[in-house]
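# Examination of the molecular architecture
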Amino acid sequence: MLKNGMTKTPVDLDTTKITKNFGKITAAVVAGIILWQVPYTIDEGHVGIVKRFGEATTQVNPGLHTKIPFADTVEELEIRTRKNTENLKASTFEQMPVQAEVSVNWTVIRAEAFELYKGYGGLDQFENRILDPRLRSATKDALARFKAEQIIQNRGQVIQKIEETLLSAMSDFPVKLDSVQIENLVLPQKYLQSIETKQTEKNLAAAEKHRLERQKLEAQREVNTAEAKRDAEKARADGSAYAIEIEAIAQAQAIRVKGLAEAEAILKKSQAIKTNKTLVEYVKALQWDGKLPTTVMGSGQDILWNMKEK
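Report follows, based on the coordinates. Predicted, not measured: the structure shown is a model, and the values here were computed from it. (Residues numbered from 1 in each chain as written. Predicted model: local features only at pLDDT ≥ 70, side-chain atom pairs only at ≥ 80, totals over all residues. Heavy atoms only, no water.)

### Structural notes on the overall build of the protein chain
The line we're drawing: Secondary structure follows DSSP: runs of H or I at least 4 residues long count as helices, runs of E at least 2 residues long count as strands, and numbering of each begins at the N terminus. In this scheme, a residue with accessible area under 20% of its type's maximum is buried, one over 50% is exposed, and one in between is partly exposed, where area comes from a 1.4 Å probe on protein chains only. Only heavy atoms matter for contacts: two residues are in contact if any of them lie within 4.5 Å across the pair. The Shrake-Rupley method, run with a 1.4 Å probe sphere, supplies the accessible areas, and residue values consider only the shown protein chains as cover.
Counting its regular elements, the protein chain contains seven helices and ten strands. Across the 310 residues that make up the protein chain, the buried fraction comes to 21%. A separation of at least 24 residues holds for 61% of the contacts in the protein chain among residues at least 6 apart in sequence. Per element, the accessible surface of the protein chain, about 23,300 Å² overall, is 56% carbon and sulfur.

### Looking at the sheet that holds strand β2 (residues 46-52)
Inclusion rule: Note: two strands are recorded as paired if DSSP finds a minimum of 2 bridges between them. Between the N-to-C directions of two axes lies an angle of 0 to 180 degrees, each axis being a line fitted to C-alpha atoms and, for a helix, fitted only over the stretch in contact.
Read from one edge of the open sheet, three strands run β3-β2-β5, paired in antiparallel fashion. Strand pairing shows two members of the sheet lacking a second neighbour, β3 (55-60) and β5 (72-78), which therefore form its edges. Looking at each pair of strands side by side, their axes are set apart by 30° on average, direction ignored. Direction of pairing for β2 relative to β5: antiparallel, over a ladder of seven bridges. Note that in β5 the partner of valine 50 across the bridge is valine 74. Across the sheet, helix α2 (residues 113-120) lies against β2, β3 and β5, angled at about 160° from β3, the strand it touches most.

### Here we look at the packing of helix α3 (residues 123-143) against helix α5 (residues 155-169)
Here is the rule: Any angle that is under 35 degrees is reported as roughly parallel, and any over 145 degrees as roughly antiparallel; angles of 65 to 115 degrees are reported as roughly perpendicular and all others as oblique. Put simply, a crossing is left-handed when the front helix is turned counterclockwise from the back one by less than a right angle, and right-handed when it is turned clockwise. Residues were grouped as follows: Ala, Val, Leu, Ile, Met, Phe, Trp, Tyr, Cys and Pro as nonpolar; Asp, Glu, Lys and Arg as charged; and all remaining residues, including Gly, as polar.
The geometry of α3 relative to α5 is characterised by a closest axis approach of 8 Å and an angle of 140° between their N-to-C directions. Overall, the two elements α3 and α5 adopt an arrangement that is oblique. Considering the relative orientation of α3 and α5, their crossing is right-handed. Contacts between α3 and α5 involve Arg134, Leu135, Ala138, Thr139, Asp141, Ala142 and Leu143 from the former and Val158, Lys161, Ile162, Thr165, Leu166 and Ala169 from the latter. Residues that form the contact of α3 with α5 fall into these classes: eight nonpolar, two polar and three charged.

### Considerations on unusual backbone geometry
If you check the backbone angles, phenylalanine 53 has positive phi at about 55° while not being a glycine. If you trace the backbone, phenylalanine 53 turns up in the loop between β2 and β3. A positive phi angle is found at glutamine 95, which is not glycine, with a value near 65°.

### Observations concerning the packing of α2 against α3
Orientation of α2 relative to α3, taken along the N-to-C sense of each, is 65°, at an axis distance of 9 Å. The angle between the axes of α2 and α3 places the two elements in the roughly perpendicular class. In this structure, α2 crosses over α3, and the sense of that crossing is left-handed. Between α2 and α3, the contacting residues are Leu116, Gly119 and Tyr120 on the first element and Leu123, Gln125, Phe126, Arg129 and Ile130 on the second. Residue composition of the contact of α2 with α3, by class: five nonpolar, two polar and one charged.

In structure tokens form, the structure reads like this:
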């Protein structure tokens, strides 16, 4: 008996039933975990490398797949373009030290991704063991073939040489190289100052050359203007001379015509005088001034008679 009229009733627990229920719950959890591990997915831009007990067995493409729980594991391998950058020290053709930062874009060939994984264990290992050393070697080799000034002025040729060397070195590996870039190039400060001075002198020389050419053009322009003015004046003079010539020809022609007319008139007058004595007397009368002659020559023409009154 308990206080307040309450009594204690003993509880009879069924341990066998509890054990069975616990076993079912455990089995369900384990089954759920197993079923949860069966499906898996591979993201786009990757391929899956399936390993069974640590050994790479197959390659799968993006999408939904299944695996054997606890036996299979899956690692994703990126097949999109990757960029790898290297900082290195090198020398130019004239043994000038240079600090370079160079990068390369590269892509794993999808069909050969499985072989790359089996051979190198992943992208990071492939970069560290294969790509990076060859990129550094190709860059140093290319820089050593050019003088510092050529590297600055013709960086594209240096890049082309790096690409040729790197492509040859990577031809046996399951990757595709897209492009190489020289991200940064550091030359000694003294050399850069000398280049700047030289460039300034070139700019000044170019400016002076431009000024001289401009003066030459202005002088030529003045010559052209003078020649044009001279040609214009010559044309005007030629025109005036031609006009004078035409006028002289016209005047000469007029004089000639007038002379011919006068000659013809004289000829006709002479002919008329010969045939008409009365006309002769008439002409004499027209020409007489009304005065009588003051002297008369005798028949012997040696006596001169003065007929003026004294």
